Each structure stands twice: as C-alpha cells, then as structure tokens.
Amino acid sequence: MRLYSRTGATALDDPTYGHIEANADGGFDFPNELSDQLHGFCVNGQPLWETDVERQHRLINEELERRKDPATLLGAVEQLVKAAQATKALADPAESKPAPAKRASKRTAPPPKTAE
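A brief look at the structure comes next. Since we're looking at a predicted model, the values are computed, not measured. (Residues numbered from 1 in each chain as written. Predicted model: local features only at pLDDT ≥ 70, side-chain atom pairs only at ≥ 80, totals over all residues. Heavy atoms only, no water.)

## Some details on the pattern of salt bridges
And then number 1: Taken as a whole, this structure holds eight salt bridges when the rule is applied.
And then number 2: Here R2 and D25 are joined by a salt bridge, their closest N and O atoms 2.7 Å apart. Placement of R2 in strand β1 (residues 2-5) and of D25 in the loop between β3 (18-21) and β4 (27-29) is noted, with a sequence separation of 23 residues between them.
And then number 3: For E62, the salt bridge identified is with R58, shortest N-O distance 3.1 Å. Of this pair, E62 and R58 both sit in helix α2 (residues 52-68), separated by four residues, roughly a single helical turn.
And then number 4: Classification of E62 by relative accessible area gives partly exposed; the value is 41%.
And then number 5: Given the relative accessible area of 23%, R58 is considered partly exposed.
And then number 6: Connected via shared salt-bridge partners are R6, E50, R58 and E62. (Salt bridge = Lys/Arg side-chain N within 4 Å of Asp/Glu carboxyl O. Helix = DSSP H or I, 4+ residues; strand = E, 2+ residues; numbered from the N terminus. Buried < 20%, exposed > 50% of the residue type's maximum accessible area, 1.4 Å probe, protein only.)

See below:
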C-alpha cells in the first residue's frame, strides 16, 4: 500500500524490508505488512503516516480552513497582484522605468552667414 509521511521522511530503513526511498511524489510503496504496521503509528494522537485518500482529505480541509480566514485571503490576493506587477515589469521594462530626462545640447548657434 502507498503511504505518505506526515513528518517529511524521504527514506525508511526497516530491518526486514531494507532501505526504501520515497517516490517522486513523496509516497512510499511499502509491502502490505509494513504499511499496515506504519499506518498505525501515532505521536500525540497525530498519525505519522497516511494513505493517499487520507492525504487528499487533509490537504483539502487545510485549504478550506485557510480560505475561511479573510486576512489570509487578502494576503493571497496581494501576493497575486504583486506577482502580476513583477511579471509585467519583466515583460516590458520600458513601461516600468521612467524615460531618462533629455538634456539640451551645449552647442552654440552657428555664426550668421554674411553675403559677399
């Protein structure tokens, strides 16, 4: 069964099954006996390992809780606006910087022509 670590583990060393590395998505493909054993581990009532379904539910609930807070939502909108402004500034640097002031030429006027 595939399990995900809630502690950020990237590898597990087991005396029976050896060294097991996490997959690219952070999940571990454990043998059923080991996954059943690990899935039951808890610290202070919080599980250390979760299944894919449990992980999806946890992430969805965390996102819903985060969106309920107006200050968090406002902060996220401000970050999006800043990112859009930065992207626009990178895409068109001429618009984001003021044009340099033009300076007058220091040349003197040519002498008037005389008729000969």
